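Close look at the chain arrangement
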Amino acid sequence: MEIVIPNTAKAAAPPVLLPYQKEWIADKSPLKVEEKSRRTGLTWAEAADDVLISAEQGGQNVYYIGYNQDMAIEYVEACAMWARAFNYAASEIEEGIWEEDQDDKHIKTYTIRFPDSGRRIVALSSRPANLRGKQGVVVIDEAAFHDKLGELLKAALALLIWGGKVRVISTHDGDQNSFNELIQDIRAGKRKGSVHRITFQEAIEQGLYRRVCLRLGREWDEAEQKAWMEDVYAFYGDAAEEELDVVPSQGSGTFLSRAIIERCMRSDIPVLRWECSSDFALLPDHIRQAEAKDWCEENLQPLLAALDPQRAHYFGEDFARSGDLTIFFPLAEQQKLTYRAPFVLELRNVPFKEQECILYFILDRLPRFTHGCFDARGNGQYLAERAMQKYGMEHITQVMLSESWYREEMPRFKSFFEDGTIEVPADADHMDDYRAIKVIKGVAKLPDVRTTDKTGKKRHGDAAIGGAMAVTATRANVREYAYHPITKKEIEDMPRPIRVTAGFGRLKGAW
C-alpha cells in the first residue's frame, strides 16, 4: 500500500516513505539488520510496518526494545500516529510494568492494543534480560548501545523458531561491538539474515532534506540543503564518520592474523610463476602462442590432470598487465564442503593474448567447472569479458572492485580462514599479500601502498584478491560447465545462415 501525505496543494504530494525506508519494510527476512546514520527515520518507518503486523488479522505481537525510556515513548507515539493514518481501531497508549519477570519488575512499558486482531505493540523503556515465553516480532533499536546485546540477541533469536522475526537497528559504537560483529557474521555467511546500510548523505540524496522542508513548511533549495548538511557534519565533528557515514570507530589494523593464515597453509600446494621479459610482447604472435602453450603443457597439465573429476571447481582472478601480478586461483570443493587450491598461478608482465590462452587452458580442464569471478577494472575488463563470452554469464561474474564489494565479500573471505574452510599454498609472498589487507574506515581492503617480494619486485596483495574472488565464486548456485570445441562436421551440419567463428564452443551434457 502506497502511503501519501494528504494533498492540500495543487501538486501531488510525495510518498511518505523514502526509498531506503520502503526497502527496509519490503524485506521480510526473519532476521534483518540496519546499520544507519543518525536521524534517518528508520525507527519511524519500522513503526509503520509494526502497526500493519499487529493490527491485521493473523498478525503478531511486536516487542520494541530501546535503551532508554525516551526512545520507547517516541516509538509508541509513532505507532499511534500510524494506527490513526491506517484507520485501525487501537487502544490509547497504556503504561504498565514488564510482566512475568521479577528481576525486571521496575521496567516501564507502553502498550497499544488492537481489538480486531487481538494483538499488541509493547514498547519497553529499558532492556529486559529475558524474552522467554514471548512470541512475535522483536525490534531492538540502537542495538550497539545496549549493555548486553549478545544476551539480548540470543533470547530474541529464539523467537525465530516459531515464526517470529527480529529487527536490529542501530548506529555504530566501535568495530568491536556485538552489533558490528552481528553484521560481519551475516555478511560472512555465518548467520542467516540480511543487512541494510544507509548513510546520512545517501539519505539526503533520497529525499531526507526535502522531507525536512515539507515538515517545516518551506520550499526546498539545493544551496540550503548543502549548507544544512555541512552544519550537521560540523556539529558531529570527529564523530561524523561513525555517526553519519556509518563507519565503526577504531577500525584500523591488520584484517587477517598470521596465526589463522598459517593454519590454512599447505606446503604441498604449489605456486607457479611465469614472468615475461619486456621484449616478449614484440615477438610474432605464433611464437608467443607456442611459448605459452609449451609452458602450460609442461607446468599446468600434470596438475590439472590430477584433479578429482568428481569435485566441483571454482576460480578467482586478479588482473594486471605490468607492475602488479595477474593471479589465477582455482579452488576444488572437498567432500566435507571445504575448499582446497590445487595450485595458484602468478603471471608477471605477460601480454593480454597469452594470459587469455593460459586462462582457457586452465578453465577447459577444470573438472565440473562451476563459476569464476574476474577483476573487471581497467584493463582487466578485456579478460573478464572474453571469459564471459566463452563460458557464459551464468559461469563468469565480472567484478568491479569497489568499497561496497570489499564490505560485502571480505567478511566471508575472513571466515574461510577463521573456520579452516580453505587450504592455500604455504608461501611467504602470499602470506604478505593476505596480511596486506587492512581495515580502513571500517572496511577491509587493500591500501594504496605496495609490498616487495623476495626478489625485490612489487606486489599489491594480489594473491589475497585472487583468493577472495575464488571464495566469492563458491557462492554461485549454477550447474557445472562442460565445454568442447565444435567439430568441422558439426559446423557443416548446421542450418544456414548460421555462422560460427573459430574457437566457438557449445555446452555439453544435461542442464
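Residues numbered from 1 in each chain as written. Predicted model: local features only at pLDDT ≥ 70, side-chain atom pairs only at ≥ 80, totals over all residues. Heavy atoms only, no water.

1. Overview of the pattern of salt bridges
Rules: Take a side-chain nitrogen of Lys or Arg and a carboxyl oxygen of Asp or Glu: if they are within 4 Å of each other, that pair is a salt bridge. The helix count covers DSSP runs of H or I at least four residues long, the strand count covers runs of E at least two residues long, and both are numbered beginning at the N terminus. The buried label goes to any residue with under 20% of its type's maximum accessible area, the exposed label to any with over 50%, and the partly exposed label to all in between, with areas taken from a 1.4 Å probe on protein chains only.
Inspection of every chain in the model, using the stated rule, returns 31 salt bridges. The salt bridge partner of Glu 423 is Arg 266, with a shortest N-O separation of 3.7 Å. With Glu 423 in strand β17 (residues 422–425) and Arg 266 in strand β9 (residues 265–266), this residue pair connects regions lying 157 residues apart in the sequence. Look at Arg 266 and you get partly exposed, because its relative accessible area is 28%. As a salt-bridge pair, Glu 403 and Lys 445 come within 2.9 Å of each other at their nearest N and O atoms. Within this pair, whereas Glu 403 is found in helix α14 (residues 403–418), its partner Lys 445 is found in strand β19 (residues 443–445), the two being separated by 42 residues in sequence. For Glu 403, a relative accessible area of 37% translates into the label partly exposed. Looking at Lys 445, the relative accessible area reads 19%, which means it is buried.

2. Description of the confidence of the model for the protein chain
Spelled out, the test is: As a per-residue measure, pLDDT tells how confident the predictor is, with possible values from 0 to 100. Residue contacts are counted whenever heavy atoms from the two residues lie within 4.5 Å of one another.
Confidence along the protein chain averages 86 in pLDDT terms, with 86% of residues attaining 70 or more. Mean pLDDT per element in the protein chain: strand β23 (residues 505–507) is the minimum at 36, and strand β13 (residues 339–340) is the maximum at 98. Low pLDDT, under 50, characterises residues 1–11; the predicted model gives this stretch 17 contacts beyond four residues in sequence or across chains.

3. A few points about the packing of helix α2 (residues 42–55) against helix α3 (residues 69–86)
Selection criterion: Here the axes come from fitting lines to C-alpha atoms, over the contacting stretch only for helices, and the angles between their N-to-C directions go from 0 to 180 degrees. Working definition: roughly parallel below 35 degrees, roughly antiparallel above 145 degrees, roughly perpendicular at 65 to 115 degrees, and oblique for all remaining angles. Each crossing is labelled by how the near helix is turned from the far one, with a counterclockwise turn of less than a right angle marking it left-handed and a clockwise turn marking it right-handed. Residues were grouped as follows: Ala, Val, Leu, Ile, Met, Phe, Trp, Tyr, Cys and Pro as nonpolar; Asp, Glu, Lys and Arg as charged; and all remaining residues, including Gly, as polar.
The geometry of α2 relative to α3 is characterised by a closest axis approach of 8 Å and an angle of 55 degrees between their N-to-C directions. By the criterion of interaxial angle, the relationship of α2 to α3 is oblique. The hand of the α2/α3 crossing is right-handed. Between α2 and α3, the residues in contact are Thr 43, Trp 44, Ala 47, Ala 48, Asp 50, Val 51 and Leu 52 and Tyr 75, Ala 78, Cys 79, Met 81, Trp 82, Ala 83 and Phe 86, respectively. Considering only residue class, the contact of α2 with α3 consists of twelve nonpolar, one polar and one charged.

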